[in-house]
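# Remarks on the overall topology
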Amino acid sequence: MTAVAGDGARPAPEAAPVTRLGSGGPWEALYGYCRVVRAGQLAITAGCTSTVDGRVAHVGDAAAQTAQAIRIGLDALAEVGAEPADVVRTRMYVTDRMYADEVGRAHNAVFGAVRPVATMVVVAGLIDPEHLVEVELEAWLGDR
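A few points on the structure. Not measured: the values here are computed from a predicted model.

Another point: the overall build of the protein chain. Along the backbone of the protein chain there are three helices and nine strands. Shown N-terminal to C-terminal, the secondary structure of the protein chain runs as helices and strands in the order β-β-α-β-β-β-β-α-β-α-β-β. On C-alpha atoms alone, the protein chain measures out to a radius of gyration of 15 Å, which is about the 15 Å that the 2.2 N^0.38 rule sets for 144 residues. Based on the C-alpha atoms only, the size of the protein chain along its principal axes is roughly 50 × 35 × 25 Å. The long-range fraction of contacts in the protein chain, counting pairs at least 24 apart against all pairs at least 6 apart in sequence, stands at 68%.

This next bit is on helix α2 (residues 62-79). When the terminal C-alpha atoms of α2 are compared, their 26 Å separation across 18 residues agrees well with the 26 Å that a helix rising 1.5 Å per residue should span. The backbone nitrogen of Ala63 lies 3.2 Å from a side-chain oxygen of the residue at the head of α2, namely Asp61. Immediately beyond the C-terminal end of α2, within one or two residues, lies Gly81, with a positive phi of roughly 95 degrees.

This next bit is on the packing of α2 against helix α3 (residues 100-111). The geometry of α2 relative to α3 is characterised by a closest axis approach of 8 Å and an angle of 40 degrees between their N-to-C directions. By the criterion of interaxial angle, the relationship of α2 to α3 is oblique. For the pair α2 and α3, the crossing hand works out as right-handed. The segment α2 lies against α3, with Ala62, Ala63, Thr66, Ala67, Ile70 and Leu74 engaging Glu102, Val103, Ala106, His107, Val110 and Phe111. Per-class residue counts for the contact of α2 with α3 are nine nonpolar, two polar and one charged.

Attention shifts here to the pattern of salt bridges. Scanning the entire structure with this criterion turns up five salt bridges. When the shortest N-O distance is used, the salt bridge between Asp86 and Arg144 registers 2.5 Å. Taken together, the positions of Asp86 in the loop between α2 and β7 (87-94) and Arg144 in the segment after β9 (133-140) put the pair 58 residues apart, joining distant regions of the chain. Take Arg144: its relative accessible area is 47%, and that puts it in the partly exposed class. For Glu136, the salt bridge identified is with Arg91, shortest N-O distance 3.3 Å.

The next thing to look at is α3. The end-to-end C-alpha distance of α3, which contains twelve residues, comes to 16 Å, matching closely the 16 Å that a straight helix rising 1.5 Å per residue would cover. By the burial criterion, the buried members of α3 are Val103, Ala106, His107 and Phe111. Summarising the axial view, the buried residues of α3 lie within an arc of 115 degrees, below the 170-degree limit, and thus occupy one face. Among the exposed residues of α3, those pointing more than 90 degrees away from its buried face are Arg105, Asn108 and Ala109. Residues of α3 that are buried in the fold lie against α2, β7, β8 (117-122) and β9.

Cut-off values and rules
- Numbering of residues starts from 1 in each chain and follows the order in which that chain's sequence is written.
- Thresholds applied to this predicted model are a pLDDT of at least 70 for local features of residues and 80 or more for the giving and counting of side-chain atom pairs; totals over whole chains, interfaces and linings are not thresholded and use all residues.
- Only heavy atoms go into the side-chain values, all of them from the structure, while hydrogens and water stay out.
- Put simply, DSSP H or I for four residues or longer makes a helix, DSSP E for two residues or longer makes a strand, and each gets a number counted from the N terminus.
- Atoms considered for the radius of gyration are the C-alpha atoms alone. The globule rule reads 2.2 Å times the number of residues to the power 0.38.
- Any two residues whose heavy atoms approach within 4.5 Å are treated as being in contact.
- Expected span of a helix: the number of residues minus one, times 1.5 Å.
- For this analysis, a polar contact is any N or O atom pair within 3.5 Å, provided that within protein one partner can donate a hydrogen and the other can accept it, and provided that sequence-adjacent residues contribute only side-chain to side-chain pairs.
- To get an axis, fit a line to the C-alpha atoms, keeping to the stretch in contact for a helix; angles then go from 0 to 180 degrees between the N-to-C directions.
- In what follows, roughly perpendicular refers to angles from 65 to 115 degrees, roughly parallel to angles under 35, roughly antiparallel to angles over 145, and oblique to any angle outside these ranges.
- We call a crossing left-handed when the near helix sits turned anticlockwise from the far one by less than a right angle, and right-handed when that turn is clockwise.
- In the scheme used here, Gly and all other residues not listed as nonpolar or charged are polar, with Ala, Val, Leu, Ile, Met, Phe, Trp, Tyr, Cys and Pro taken as nonpolar and Asp, Glu, Lys and Arg as charged.
- In what follows, salt bridge is the name for a side-chain nitrogen of Lys or Arg lying within 4 Å of a carboxyl oxygen of Asp or Glu.
- Each residue is assigned to one of three classes by its accessible area relative to the maximum for its type, calculated with a 1.4 Å probe on protein chains only: buried under 20%, partly exposed between the two thresholds, exposed over 50%.
- The arc in question is formed by the directions pointing from the helix axis toward the C-beta atoms.

Written out as structure tokens, the structure reads:
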């Protein structure tokens, strides 16, 4: 992960620092976002897909794409000090209702013991037509 410059605004002295890290993914610099932001005790990922080295991995396999996207999100959260047990919310965007069960089961394989709140939404499409799912993660780090 690499540090990403913000908009130049400085937090008030008593405010918690904000850390922004980019993964170097193909859309981050082009569209002006980063992979993960930590603001005080909260850490949030951008939408994560199964894009690896600029290419979609696991084409046609929604469960494997979900597992890959979650791994990418958890790796980003780890860069700012969060662990899987810290995840309190997930959002899953699927391109077809028929993927809901396999996406949900892949989510459960990682978060079944953690049980974050979760939302799954069917969307018209994602940035690459081979993406079947996109995942966002939010973690609460408490006093760390």
